[in-house]
Amino acid sequence: MKGFASASSKTLKFRMPTADNLVPIRLDLEIDGHRFKDTFTWNPSDPDSEVVVFAKRTAKDLKLPPAFVMQIAQSIQTQLAEFRSYEGQDMFTGEKILPIKLDLRVNHTLIKDQFLWDLNNFDSDPEDFAKTFCKDMDIEDPEVGPAVAFAIREQLYEIAIQSVATARESRLSKKGRRSAEYPTASKAGGAALDLMKLFSNKYSVVRKRKEWDLYEPIVDLLSNEEVDALEAREERNLR
């Protein structure tokens, strides 16, 4: 199974543990009383000139004040620079089956879910998983799928960064030790082999396991009043 590395394979060069090596970009900017929030993915190999083009087009399409152009471009460039700072560095590999959690609201749809993801399957596709998730849960809002996929990508990015730190610590210790948070072949044992049978090539995810049976997806449709109350609370928290 492609999703699992052999016991002798300990490191590879940093990249997103997905089929497409894309950077999750999150923007949350406020200028002169105008606020702009957005999330999307970016190809780190694209020329930097595309960032400015994107910023100008976004400000024009959304009729944002001109000051947003520089702020949008700078925020994207900063996040791309952070991602690129890890490129070329060793990243820990091994049996890594970790939980991905969803806790988000998209317009009137509230989603809570948790499942296990095979982080060594570099054929995984968060967008395909999100599409199937929305279909299975009868979610009609077209904005939910991209939001679910982005939430997964953000968590995979954080885990990939942690994997770089783990590889660095292993190298410095000269003992080849692995971080305790990652189940190794010896610790996972038969459980890892059982999970391998459940994984698919596109998104190595499994929901059923003895201690995970309680984590079933929860999808609620909120009323206008509930959405207003949540947004008011979020606004207060920002202040």
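This text goes with the structure placed above it.
Residues numbered from 1 in each chain as written. Predicted model: local features only at pLDDT ≥ 70, side-chain atom pairs only at ≥ 80, totals over all residues. Heavy atoms only, no water.

J.: Lay out the overall build of the chain with the relevant residues and their values.
T.: The number of helices and strands found in the chain is six helices and eight strands. In the chain, the order of α-helices and β-strands from amino to carboxyl end is β-β-β-α-α-β-β-β-α-α-α-β-β-α. In the chain, which comprises 239 residues, the share counted as buried stands at 42%. For the chain, long-range pairs separated by at least 24 residues make up 71% of all intrachain contacts whose partners lie at least 6 apart in sequence. For the chain, the accessible area works out to roughly 13,600 Å², and carbon and sulfur atoms hold 51% of it. (Helix = DSSP H or I, 4+ residues; strand = E, 2+ residues; numbered from the N terminus. Buried < 20%, exposed > 50% of the residue type's maximum accessible area, 1.4 Å probe, protein only. Contact = heavy atoms within 4.5 Å. Areas by Shrake-Rupley, 256 points an atom, 1.4 Å probe, with all protein chains shown as cover.)

J.: Any details on the nonpolar core? Residues and values, ideally.
T.: Core analysis: the largest hydrophobic core is formed by 50 residues, its most contacted members being Ile72, Ile76 and Ile152. Taken together, the elements giving at least two residues each to this core come down to strand 2 (23–31), strand 3 (34–42), helix 1 (49–61), helix 2 (67–86), strand 5 (97–106), strand 6 (109–118), helix 3 (126–136) and helix 4 (144–173). A total of 11 residues in this core trace back to one element, the largest contributor, which is helix 4. In contact with Ile72, other than residues within four places in its own chain, are Leu27, Leu29, Phe36, Phe54, Ala55, Thr58 and Leu64. (Core = buried A, V, L, I, M, F, W, Y, C linked by side-chain atoms within 4.5 Å.)

J.: Describe the packing of aromatic side chains, naming the residues involved and giving the relevant values.
T.: Considering all chains together, one arrives at 10 aromatic pairs under this definition. Plain terms: the ring middles of Phe14 and Tyr86 are 5.4 Å apart, the flat faces sit at 40 degrees to each other, and that makes the pair tilted. Residue Phe14 is found in the loop between strand 1 (11–13) and strand 2, and its partner Tyr86 is found in helix 2; the two are separated by 72 residues along the sequence. Look at Phe14 and you get buried, because its relative accessible area is 6%. Judged by centre distance (5.7 Å) and plane angle (80 degrees), the ring pair of Trp117 and Phe129 falls under edge-to-face. Of the two residues, Trp117 is situated in strand 6 and Phe129 in helix 3; the sequence distance between them amounts to 12 residues. In this pair, the class of Trp117 matches that of Phe129, namely buried. Through pairs of rings, three or more aromatic residues link up here, namely Phe14, Phe83, Tyr86 and Tyr157. (Phe/Tyr/Trp six-rings, centres within 6.5 Å; stacked < 30°, edge-to-face > 60°.)

J.: Tell me about the side chain of Thr18, and name the residues and values.
T.: The residue Thr18 is located in the loop between strand 1 and strand 2 in this model. Judged by its relative accessible area of 0%, Thr18 falls in the buried class. Within the local environment of Thr18, its side chain forms a polar contact with the side chain of Arg153, the two groups lying 3.2 Å apart. When near neighbours in sequence (up to four residues on either side) are disregarded, Thr18 contacts Phe122, Ser124, Pro126, Arg153 and Leu156. (Polar contact = N/O pair within 3.5 Å; in protein donor to acceptor, adjacent residues only side chain to side chain.)

J.: Give a description of unusual backbone geometry that names residues and reports values.
T.: The phi torsion at Asp32 lies on the positive side, around 50 degrees, for a residue other than glycine. One non-glycine residue with positive phi stands out, namely Asn107, at about 55 degrees. By secondary structure assignment, the location of Asn107 is in the loop between strand 5 and strand 6.

J.: Describe the packing of helix 2 against helix 4, listing the residues and the values that go with them.
T.: At a minimum axis separation of 10 Å, helix 2 and helix 4 run at an interaxial angle of 40 degrees. Compared by their axis directions, helix 2 and helix 4 come out oblique. Between helix 2 and helix 4 lies a crossing whose hand is left-handed. Seen from helix 2, the contacting residues are Glu82, Phe83 and Tyr86; seen from helix 4, they are Tyr157, Ile161 and Val164. (Axes fitted to C-alpha atoms, helices over the stretch in contact; angles between N-to-C directions. Parallel < 35°, antiparallel > 145°, perpendicular 65-115°, else oblique. Left-handed = near helix turned anticlockwise from the far one by under 90°.)

J.: Run through the environment of His34, naming residues and quoting values.
T.: Tracing the backbone through its elements, the reader meets His34 in strand 3. Its relative accessible area of 40% is what places His34 among the partly exposed residues. The sequence separation of His34 and Leu64 amounts to 30 residues, and the corresponding C-alpha distance is 7.7 Å. In contact with His34, not counting residues within four places along its chain, are Leu29, Pro65 and Phe68.

J.: Describe the packing of helix 1 against helix 2, with residues and values.
T.: Across the interface, helix 1 lies against helix 2 with an axial gap of 8 Å and an inter-helix angle of 140 degrees. Judged by the angle between their axes, helix 1 and helix 2 are oblique. Of the two possible hands of crossing, helix 1 and helix 2 adopt the one that is right-handed. Contact residues: helix 1 offers Val51, Val52, Phe54, Ala55, Lys56, Thr58 and Ala59, while helix 2 offers Val69, Ile72, Ala73, Ile76, Gln77 and Leu80. Across the contact of helix 1 with helix 2, the residue classes tally to 10 nonpolar, two polar and one charged. (Nonpolar A, V, L, I, M, F, W, Y, C, P; charged D, E, K, R; others polar.)

Function-wise, these values are silent; they only describe arrangement.
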